[in-house]
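So you can see what is in the structure, the chains are spelled out below.
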Protein chains: 2
Amino acid sequence: MERVEHYRKCICKLLTEECEKGAENTDIESQLIFDRERDRYLLLDIGWQDHERIYACFIHLDIKESKIWIQRNMTEVDIAEELVNMGIPKEDIIIGLLPPYQRPYTGYGTTGLATSA
Amino acid sequence: MERVEHYRKCICKLLTEECEKGAENTDIESQLIFDRERDRYLLLDIGWQDHERIYACFIHLDIKESKIWIQRNMTEVDIAEELVNMGIPKEDIIIGLLPPYQRPYTGYGTTGLATSA
C-alpha cells in the first residue's frame, strides 16, 4: 500500500499546483477537494462573473483498486503524462473520461483482466 | 464547535440519503465526496449513457465560518428547508447559488455584518 500512498501524494501535489495557477478573479474561488477516505480528489472553481454563476469542475481523479482514474480534465495539462513524469506506471493510470472500448488504444491502463497484473 | 459538528452530521446524512435515491443505471456511479478537512461535501454522478460521458455535480455544500453554504443544488429537493427541518437556524444557511444581492430577500443567512450574530 506504500505505492498507493505515493499515488495519493502525487495527486495532491498535482492538484495543489494546478489550484495555485488558478483564477485571478477574486469573485471566483478555486477549491481543492480531497476526500482521503474514499480516495477522490477534485479541483473546481466556484463564484460569480458579474451576475453569472460559475461552477466548474476542472480536474477529478480517483484511486480505485490501486489505479488512478482520470475522471475529468478540463485543463490544457496532460494529466496522464504528468503522472507518468512523477514515476507512475502507465498501466496504473486509467483514462476514465474515455469510453472503456477506447482505453486499450491509449497506451494507458485498462480494467480488463489481461492488464490486472 | 459542537454546533458545527452537528451541521457536519446533518450534511452527511442528507447527502447519503440523496445518494441512495440515485441512479439505477449501473454504468453511472453516484459518488459521495466528503472533504472533512476543508468542510466540503458533494454528491455527483459519473459514468456513461451509451457512449456519452455523464459527469454532473448535483449537490455541493460547504461549511465556512460556522455557516452552511449551498453552493449547488440540481435536485428537486429544497435542501435549505431540509436543513431547517433538521434544526439548523435559517441564519446559518447561506444560499450561495444565488447572487449576494439576492440573499437578504431569501429569509436565509447573509454574509453581511448585520447578521453575523
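Along each chain, residue indices are assigned from 1 in the same order as the chain's sequence is written. Going through the entries in the order they are written, you letter the chains from A and number the ligands from 1. Confidence filtering applies because this is a predicted model: local features only for residues at pLDDT of at least 70, side-chain atom pairs given and counted only at 80 or more, and all residues used for totals across whole chains, interfaces and linings. Side-chain descriptors were evaluated using all non-hydrogen atoms of the structure, hydrogens and water having been removed beforehand.

Engineer: Please set out the overall build of chain A residue by residue, giving values where relevant.
Structural biologist: A tally of helices and strands in chain A yields two helices and five strands. In chain A, the order of α-helices and β-strands from amino to carboxyl end is α-β-β-β-β-α-β. Taken along its principal axes, the extent of the C-alpha atoms in chain A is 50 × 30 × 25 Å. Burial here depends on accessible area, computed with a 1.4 Å probe over protein chains only, as a share of the maximum for the residue type. Under 20% is buried, over 50% is exposed, and the range in between is partly exposed. Looking at chain A residue by residue over its 117 residues, the buried ones come to 47%. Going along the chain from the N terminus, every DSSP run of H or I of four or more residues is numbered as a helix, and every run of E of two or more is numbered as a strand.

Engineer: Quick rundown of helix α1 (residues 2–20) of chain B? Include the residues and the values.
Structural biologist: Residue and element names in this part refer to chain B. Each helix should span, by expectation, one fewer than its residue count multiplied by 1.5 Å. Taking 1.5 Å of rise per residue, 19 residues should cover 27 Å, and α1 covers 27 Å from first to last C-alpha, within 8% of that figure. Taken together, the buried positions of α1 are occupied by Val4, Tyr7, Cys10, Ile11, Cys12, Leu14, Leu15, Glu18 and Cys19. Contacts are residue-level and defined by heavy atoms, with any inter-residue pair within 4.5 Å sufficient. Looking at the buried side of α1, the elements it contacts are β1 (28–35), β2 (40–49), β3 (52–64), β4 (67–73) and α2 (79–85).

Engineer: Report on the packing of aromatic side chains, specifying residues and quantitative values.
Structural biologist: Put simply, two rings from Phe, Tyr or Trp (the six-membered ring, in Trp's case) pair if the centres are within 6.5 Å, and we call them stacked under 30 degrees between planes, edge-to-face over 60, tilted for the rest. Per the counting criterion, the structure on display carries two aromatic pairs over all chains. Either the NZ atom of lysine or the CZ atom of arginine qualifies as a charge over a ring when it sits within 6 Å of the ring centre and within 35 degrees of the ring normal. One cation-aromatic arrangement involves Lys90 of chain A over Tyr108 of chain A; the distance from NZ or CZ to the ring centre is 4.8 Å. Residue placement shows Lys64 of chain B over the ring face of Trp69 of chain B; its charged tip is 4.2 Å from the ring centre.

Engineer: Before we move on, can you summarise the sheet that holds β3 of chain B with the specific residues and values?
Structural biologist: Residue and element names in this part refer to chain B. For two strands to be treated as a pair, DSSP must find at least two bridges joining them. The strand order across the open sheet built from five strands is β1-β2-β3-β4-β5, with neighbouring strands paired in mixed fashion. Sheet topology places β1 and β5 (93–94) at the edges, where each strand pairs with a single neighbour. Alignment of β1 against β2, held across eight bridges, turns out to be antiparallel. By the bridge assignment, Ser30 is partnered in β2 with Asp45.

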